[in-house]
Protein chains: 2
Amino acid sequence: MTRVLVVDDDPAIVRALVINLRARQYEVDSAEDGAGALREAAARHPDVIVLDLGLPDMDGVDVIRRLREWSRVPVLVLSARHASGEKVQALDAGADDYVTKPFGMDELLARLRAAVRRAEPADGGDVVVETEAFTVDLAAKKVHRDGRDVRLTPTEWHLLEALVRAGGRLVGQRQLLREVWGPSYGTETNYLRVYMAQLRRKLEADPSRPRHLITEPGMGYRFEK
Amino acid sequence: MTRVLVVDDDPAIVRALVINLRARQYEVDSAEDGAGALREAAARHPDVIVLDLGLPDMDGVDVIRRLREWSRVPVLVLSARHASGEKVQALDAGADDYVTKPFGMDELLARLRAAVRRAEPADGGDVVVETEAFTVDLAAKKVHRDGRDVRLTPTEWHLLEALVRAGGRLVGQRQLLREVWGPSYGTETNYLRVYMAQLRRKLEADPSRPRHLITEPGMGYRFEK
DNA sequence: TCCGACCTTGACGCAACCCTGACGCGCCCG
DNA sequence: CGGGCGCGTCAGGGTTGCGTCAAGGTCGGA
């Protein structure tokens, strides 16, 4: 879940933002001055900060500078000032975006999404699923087992991916066939048998008694951690 | 030097931007429609794009979408529309910032600096990637091996860069082709074969048995440390 | 104008992959 | 008790994809 830190000395704005963000499944913290902002940022490691420039205790631009000494978290500045000098200062201090009050909530949210999206893959947004026998990295398209990489053919990988992405739920054979071989393949269940066998041979400790690539007779297959 | 691509159908705006940017030591290309923008982006690999939404040949939002199919270059949108719906659309399509006309030149430049600053070191984290056989310096665009520089042609370098930036993840052949040769080259997989062979000949200890530039048959290629 | 570096393009051999059919086994139901 | 069904296994053959080589083309510099 994405964590947002909202910094503003006007409780009405904080409240409005918190409500809107929480409604969209963000996790939200807040602060009402610069010192609090820096403290919260260090303690909670937010994924993005919405920062009002007009704070009671210190200059907003200084807050950005202090923050940038140790963090690259995206900062979206909120300000009543329309003067371009202010904007330039804030942006050059390290802010990522600058929105003037009064602002449209949907625009702000869109800019927030943009800021978060940008930062995401830099951290290493790998989706990794682990079992006691092997490890599947969906982003890198890599399978690890006993400390070494397992080579999968394209079809084997597609099949494994379809199962793993289902997240433990049962996947019907028809759906599996369509996902891997295309929409016109609905009945060739022998394909599934062959490739499931190959996957088990490559991934399971005891291929004849699979613990992770499970057959549900008459229905489909399931991936289990 | 930072390379900027300016896209606008109004010659006056293009001229103003080009002059201002060149004066600040940017390298500037320009295009006057969506097709030209995509072509230039593929050919010149700019570090940031300034894109007017009101283009004569296609919707600006579509330009962003098409661009995002193969590139993560920062896009700064320029538009006469103030409506928040437009902004949300553009930002969610993959734009990084949105400035409404008429715009202040110093503000635009500040936003441009912010976009470039963000993108630069955020890409892969490490600027220098080492393997036991060779070293790649992404910032200096240099490859070292056995204590001496390896001469790479521009295309060889683009290809190597695309692979190294992926950081061990598999890169599909289509994506690779688009990143290196441009969006219209989706099927010429023979290019990949030829240039991968050249890279391996220059970089791998045993080119016939590559340890770092790996082929995943039917899927793509992978750089491994 | 010539030369070299680089990019494109086609052809060819080989290995790997995908499909396919056959067979055996266990389970359920008649 | 026997037949049918679904699943796992195996091996062979057609096809695809990859690596390699070489020739032609383009562009810029000497």
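Residues numbered from 1 in each chain as written. Chains lettered and ligands numbered in written order. Predicted model: local features only at pLDDT ≥ 70, side-chain atom pairs only at ≥ 80, totals over all residues. Heavy atoms only, no water.

In the annotation of an unreviewed UniProt entry, the entry for chain A reads Response regulator, and the organism field reads Streptomyces cellulosae.

Caption draft 1: Layout of the interface of chain A and chain B. If you look at the interface, chain A gives 31 residues, while chain B gives 31 residues. Surface buried jointly by chain A and chain B totals about 2700 Å² across both partners, of which 44% is contributed by carbon and sulfur atoms. Here chain A and chain B share 10 salt bridges between them. Of the charged contacts, one joins Lys 87 of chain B and Glu 107 of chain A as a salt bridge, the two residues approaching to 3.1 Å between their closest N and O atoms. The tally of links between chain A and chain B comes to 18 residue pairs in polar contact (both at pLDDT 80 or more). Elements represented by at least two residues in the side of chain A that touches chain B include exactly α4 (84–93), β5 (97–100), α5 (105–123) and α6 (154–165) of chain A. The greatest single-element share of the side of chain A that touches chain B, amounting to 10 residues, is contributed by α5 of chain A. Its residues placed into classes, the side of chain A that touches chain B shows 13 nonpolar, two polar and 16 charged. (Contact = heavy atoms within 4.5 Å. Buried area = accessible area lost by both parts, 1.4 Å probe. Salt bridge = Lys/Arg side-chain N within 4 Å of Asp/Glu carboxyl O. Polar contact = N/O pair within 3.5 Å; in protein donor to acceptor, adjacent residues only side chain to side chain. Helix = DSSP H or I, 4+ residues; strand = E, 2+ residues; numbered from the N terminus. Nonpolar A, V, L, I, M, F, W, Y, C, P; charged D, E, K, R; others polar.)

Caption draft 2: Quick look at the UniProt feature "domain: Response regulatory" (unreviewed entry) in chain A. Per the UniProt record, the feature "domain: Response regulatory" (unreviewed entry) sits at residues 3–116 of chain A. Regarding residues 3–116 of chain A, the helix share stands at 48% and the strand share at 21%, and the terminal C-alpha atoms are separated by 10 Å. (UniProt positions renumbered as here; feature names shortened; annotations may be inferred.)

Caption draft 3: Region of the structure containing the protein's contact with DNA strand D. Near DNA strand D lie 17 residues; those nearest to it are Arg 200, Thr 215 and Gly 218 of chain A together with Arg 200 and Thr 215 of chain B. Take the atoms of DNA strand D that sit within 4 Å of the protein: sugar and phosphate atoms are 55% of them. Going through the elements one at a time, α8 (189–203) of chain A together with α8 (189–203) of chain B are the ones with two or more residues in the surface near DNA strand D. When grouped by side-chain class, the residues that make up the surface near DNA strand D number seven nonpolar, six polar and four charged. (Near = heavy atom within 4 Å.)

Caption draft 4: Examining the sheet that holds strand β8 (residues 142–145) of chain A more closely. Residue and element names in this part refer to chain A. Read from one edge of the open sheet, four strands run β6-β7-β8-β9, paired in antiparallel fashion. This sheet does not close on itself; its edge strands, each paired only once, are β6 (128–130) and β9 (148–150). Strand-to-strand twist across the sheet, computed as the mean angle between neighbouring axes with direction ignored, equals 25°. With three bridges connecting them, β6 and strand β7 (residues 135–137) associate as antiparallel partners. Each bridged residue has a counterpart across the sheet, and for Val 128 the counterpart in β7 is Asp 137. Sheet strands touched by α6: β6, β7 and β8. Its angle to β7, the strand with the most contacts, is close to 95°. Running over the sheet, α8 touches β8 and β9 and is turned about 45° from β8. (Pairing = 2+ DSSP bridges. Axes fitted to C-alpha atoms, helices over the stretch in contact; angles between N-to-C directions.)

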